[in-house]
Amino acid sequence: MRRAWFGIVLLMVFALVWGCKSSIGAKTVVRDQFDYAEALRDAAKEQMLLNMVGLRYAEAPQFLKVTSVINQYSLEGDVRLLSPPYDASAAVGSPVGISGRYADRPTLTYIPLSGAQFTKSVLTPIPPKSIMSMIQAGWRADILLRLTVRSINGVASTSKVGATDADPRFYELVSLIDEVQNAGGLSFRVEQRGEDEVALVTIPHDPNDGLEGNRQRIDEILGVAPNLDEYRLVFAQRASNPDEFAMLTHSILEMLVDLALFIDVPPEHVASGRTKASPDTSVMRSFGFEPLIRVLHSEDKPDDAFVRVRYEGTWYYIPHDDLRSKRTLSFMQLMFSLAESGGGQQAPVVTVGAGGG
């Protein structure tokens with residue numbers, strides 16, 4: 001009877017261990033998927049903000065890309081049972097024993113962006129077609145143009161990247177285009193003409209919609225031929241023909257440099273020459289625009305922050321109630337993803353190993 005009892009216990013233990021082993025993989029899929037997604041998302045936000053803060057202090061950016069996440073789980077069980085006769089004097093351990101082991105071994109692979117990959121992802125200007133396609137899809141023209149465009153037909157936001165001056169004509173132009181878009185008068189398409197693809201920006205003239213004055217002023221600022229409905233979109237600093245929209249766009253690095261100027265820094269850092277003062281915003285505000293991002297600083301770790309990083313003893317953060325800044329940072333992450341090199345894996349691959357050994 002004693003042996004039968006021990007056999008029943010043994011079978012129950014093995015059934016329990018085997019049941020745990022067979023279900024551990026399924027039980028961890030949902031948890032791992034959301035936990036790693038959240039961790040990767042937060043890390044990407046912090047990396048983007050930290051690079052912006054570093055650029056504010058003239059440091060070169062550094063991007064570290066997660067290429068794979070592998071999580072290996074292991075659950076092992078061991079049951080030891082010796083039936084009578086049992087020689088206690090010769091035994092090393094107890095005649096009855098149950099042992100188990102659980103292991104969680106995550107392996108993450110990081111690759112720094114460098115060389116050709118860094119050049120393509122960070123230093124290459126965003127194609128004008130991509131910007132206009134996003135506007136056509138419903139993205140706000142005022143945000144896209146202010147963030148991604150250096151100049152249109154020679155009308156530039158500033159004299160150079162990272163400069164603090166501002167050209168009123170650029171902000172007036174963006175304001176006019178934004179009004180036309182809101183009224184449904186701005187569109188974009190790509191046509192095949194012979195062997196070439198032609199990108200066309202359409203702003204049809206309609207004297208009855210109340211926006212004719214906007215269109216005439218757009219033509220005047222850009223120096224294009226008056227009363228045209230379509231303009232060829234080209235990547236250039238200045239137009240070579242009166243029917244062209246010559247758009248010079250920013251790279252990811254140039255966008256980060258411009259945004260970094262609006263990071264609030266301690267006054268003593270400006271006074272000591274560690275960084276320069278933020279640009280005057282009176283010109284953009286005169287056309288109803290606010291800075292696209294606002295990053296605050298604090299000596300103490302902020303509590304309610306959308307994202308926060310520590311740089312040389314000072315905390316820099318975006319408050320959770322600053323929707324404009326949150327949206328701009330998220331947009332920068334999107335643009336960075338779109339600009340990444342086409343070689344290799346395009347996104348982290350999360351692999352969950354649920355083997356028992």
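Here the structure is a predicted model, which means the values were calculated and not measured.

Colleague: How should I be thinking about the overall build of the protein chain in this particular structure?
Modeller: Per the secondary structure count, the protein chain includes 10 helices and 12 strands. Residues classed as buried in the protein chain amount to 41% of the 357 residues present. Sequence-distant contacts in the protein chain: of pairs separated by 6 or more residues, those separated by 24 or more amount to 66%. When the accessible area of the protein chain is evaluated, it comes to approximately 19,200 Å², of which 56% is carbon and sulfur surface.

Colleague: Even after reading the chapter, I still don't get the packing of helix α4 (residues 141-148) against helix α5 (residues 168-182), so can you show me in this structure?
Modeller: Two numbers describe a pair of packed helices, the interaxial angle and the distance between the axes. The contact between α4 and α5 brings their axes to 8 Å, and the two run at 150°. One finds that α4 runs roughly antiparallel with respect to α5. Judged by the sense of rotation from one axis to the other, the crossing of α4 with α5 is right-handed. Here α4 contributes Ala-141, Asp-142, Leu-145 and Arg-146 to the contact with α5, which in turn contributes Phe-170, Tyr-171, Val-174, Ile-177, Asp-178 and Gln-181.

Colleague: Any chance you could explain the packing of aromatic side chains here in plain terms?
Modeller: For any pair of aromatic rings, geometry is given as the distance between the ring centres together with the angle between the planes. Using the criterion set out here, one finds 6 aromatic pairs in the structure. With 5.0 Å between their ring centres and 40° between their planes, Tyr-231 and Phe-245 make a pair best called tilted. Separated by 14 residues along the polypeptide, Tyr-231 in strand β7 (residues 230-235) and Phe-245 in strand β8 (residues 244-249) bring together distant segments of the chain. You'll find Tyr-231 and Phe-245 in the same group, each marked buried. An aromatic cluster is present here, built from Phe-170, Tyr-171 and Phe-289 joined pairwise through their rings.

Colleague: Is there a simple way to explain the sheet that holds strand β4 (residues 155-156) in this structure?
Modeller: Backbone-to-backbone hydrogen bonds join strands into a sheet, with any given pair of strands oriented parallel or antiparallel. If you walk across this open sheet you meet the 6 strands as β4-β3-β8-β7-β6-β5, and the pairing is mixed. Strands at the two margins of the open sheet, each flanked by one partner only, are β4 and β5 (187-193). As judged from the 3 bridges shared by strand β6 (residues 196-202) and β7, these two strands associate in the antiparallel manner. Along β7, the bridge assignment pairs Val-201 with Tyr-231.

Definitions and cut-offs
- Residues numbered from 1 in each chain as written.
- Predicted model: local features only at pLDDT ≥ 70, side-chain atom pairs only at ≥ 80, totals over all residues.
- Heavy atoms only, no water.
- Helix = DSSP H or I, 4+ residues; strand = E, 2+ residues; numbered from the N terminus.
- Buried < 20%, exposed > 50% of the residue type's maximum accessible area, 1.4 Å probe, protein only.
- Contact = heavy atoms within 4.5 Å.
- Areas by Shrake-Rupley, 256 points an atom, 1.4 Å probe, with all protein chains shown as cover.
- Axes fitted to C-alpha atoms, helices over the stretch in contact; angles between N-to-C directions.
- Parallel < 35°, antiparallel > 145°, perpendicular 65-115°, else oblique.
- Left-handed = near helix turned anticlockwise from the far one by under 90°.
- Phe/Tyr/Trp six-rings, centres within 6.5 Å; stacked < 30°, edge-to-face > 60°.
- Pairing = 2+ DSSP bridges.

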